[in-house]
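# An overview of the molecular structure
So you can see what is in the structure, the chains are spelled out below.
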Amino acid sequence: MVFGCAFALIGVYAAVSTWRGLEPSRRRGQVLPVALTGGFFVVVGLVVAAFGVWIF
């Protein structure tokens, strides 16, 4: 469970820091890749956390 939550938080942090690091002119074109990457990390992290809760 802890690993899943950490994985989700790391994914959100990576997406937000990538978004903030982009130049304003490039942000519009990178919305979809950043959102998909962050969303993937969150979904996988929540699945792992739910599996941990189910096992416990």
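Keep in mind it's a predicted model, so treat the numbers as computed, not measured. (Residues numbered from 1 in each chain as written. Predicted model: local features only at pLDDT ≥ 70, side-chain atom pairs only at ≥ 80, totals over all residues. Heavy atoms only, no water.)

Quick look at the packing of aromatic side chains now. Taken as a whole, this structure holds four aromatic pairs when the rule is applied. Three or more aromatic residues link up through ring pairs in this structure, and these residues are Phe3, Phe7, Phe40 and Phe41. (Phe/Tyr/Trp six-rings, centres within 6.5 Å; stacked < 30°, edge-to-face > 60°.)

Once that is clear, we can look at the environment of Ala50. You can see Ala50 is positioned in helix α3 (residues 31–55). With relative accessibility at 45%, the residue Ala50 sits in the partly exposed group. Sequence-wise, Ala50 and Gly4 are 46 residues apart; in three dimensions their C-alpha atoms are separated by 8.0 Å. (Helix = DSSP H or I, 4+ residues; strand = E, 2+ residues; numbered from the N terminus. Buried < 20%, exposed > 50% of the residue type's maximum accessible area, 1.4 Å probe, protein only.)

Here helix α1 (residues 2–21) is 20 residues long and its end C-alpha atoms lie 28 Å apart, about the 28 Å a rise of 1.5 Å per residue gives. Taken as a whole, α1 has its buried residues at Gly4, Ala8, Gly11 and Ala15. The arc enclosing the buried residues of α1, seen along the axis, measures out at 60°, which places them on a common side. Away from its buried face, by an angle of more than 90 degrees, α1 presents the exposed residues Val2, Phe3, Leu9, Ile10, Tyr13, Arg20 and Gly21. (Expected span 1.5 Å × (residues − 1). Arc of directions from axis to C-beta.)

Turning our eyes to something else, we now look at α3. A rise of 1.5 Å per residue sets the reference length of α3, with its 25 residues, at 36 Å; its end C-alpha atoms lie 36 Å apart and thus fit the reference within 8%. Within the sequence span of α3, burial applies to Val34, Gly38, Gly45 and Ala49. The elements touched by buried residues of α3 are α1. (Contact = heavy atoms within 4.5 Å.)

In this section: the packing of α1 against α3. It is the contact of α1 with α3, at a shortest axis distance of 6 Å, that shows an interaxial angle of 170°. Here α1 is positioned roughly antiparallel relative to α3, judged by the angle of their axes. Residue-level contacts link Phe3, Gly4, Cys5, Phe7, Ala8, Gly11, Val12, Ala15, Thr18 and Trp19 of α1 to Val31, Val34, Gly38, Phe41, Val42, Val44, Gly45, Leu46, Val48 and Ala49 of α3. Classifying every residue of the contact of α1 with α3 gives 15 nonpolar, five polar and no charged. (Axes fitted to C-alpha atoms, helices over the stretch in contact; angles between N-to-C directions. Parallel < 35°, antiparallel > 145°, perpendicular 65-115°, else oblique. Nonpolar A, V, L, I, M, F, W, Y, C, P; charged D, E, K, R; others polar.)

Attention now goes to the environment of Val44. With respect to the secondary-structure elements, Val44 resides in helix α3. Residue Val44 is classed as partly exposed on the basis of its relative accessible area of 27%. Note: C-alpha distance between Val44 and Gly11 (33 residues apart in sequence) is 9.7 Å.

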